[in-house]
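Listed below, chain by chain, are the residues.
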Amino acid sequence: KLQVTMKAVVIRTPGDASALSVETDYPKPTLLPNQVLVENTYAGLNFIDTYQRSGLYKASLPFVCGNEGGGVIREIHPEQQEATSLQVGDLVVYTQPT
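This one's a predicted model, so the numbers in the text were calculated from it and none came from an experiment.

### Remarks on the sheet that holds strand β1 (residues 5-11)
Phase 1: Here 3 strands make up an open sheet; going across it, the order is β2-β1-β4 and the pairing antiparallel. A strand with exactly one partner marks an edge of an open sheet, and here the two such strands are β2 (20-27) and β4 (63-64).
Phase 2: In this sheet, β2 lies alongside β1 in antiparallel orientation, the contact comprising 6 bridges. Opposite Thr5, over in β2, you have Pro27 as the bridge partner.

### Some remarks on the environment of Tyr51
Phase 1: Position of Tyr51 relative to the elements: it lies in helix α1 (residues 47-54).
Phase 2: By relative accessible area, Tyr51 is classed as partly exposed at 30%.
Phase 3: Measuring from C-alpha to C-alpha, the distance between Tyr51 and Gln80 comes to 33 Å, with 29 residues separating the pair along the chain.
Phase 4: Not counting chain neighbours up to four residues away, the residues in contact with Tyr51 comprise Leu56 and Tyr57.

### Some details on the sheet that holds strand β6 (residues 91-95)
Phase 1: What the 3 strands build is an open sheet, ordered β3-β5-β6; its pairing is antiparallel. The sheet terminates laterally at β3 (36-44) and β6, the two strands that pair on one side only. Ignoring strand direction, the axes of neighbouring strands in this sheet form an average angle of 40 degrees.
Phase 2: Where β3 lies against strand β5 (residues 68-76), 8 bridges are found, and the strand directions are antiparallel. Considered in β5, the bridge of Val36 is made with Ile76.

What counts and what doesn't
Residues numbered from 1 in each chain as written. Predicted model: local features only at pLDDT ≥ 70, side-chain atom pairs only at ≥ 80, totals over all residues. Heavy atoms only, no water. Pairing = 2+ DSSP bridges. Helix = DSSP H or I, 4+ residues; strand = E, 2+ residues; numbered from the N terminus. Buried < 20%, exposed > 50% of the residue type's maximum accessible area, 1.4 Å probe, protein only. Contact = heavy atoms within 4.5 Å. Axes fitted to C-alpha atoms, helices over the stretch in contact; angles between N-to-C directions.

Structure follows, in structure tokens:
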């Protein structure tokens, strides 16, 4: 079965910690070229996340918290499958540019 949603910690409006919402049906992102989809085993929440959550740093709403993490590659953009050594099932760590 093709999964079209995912579990995520989402901010829909800036605020204090009560603005954090665990959603089990958040839309799974559509991959762009040079992207992979990682099922997180671990996710890091840092100051940038708290600044974005509070509204101190602007972020497009809604947004998913966690600019770094580690887990298993579940999808690779079709254009990258031939051009990368990464494979579905590989364990990876990442950080996202902010």
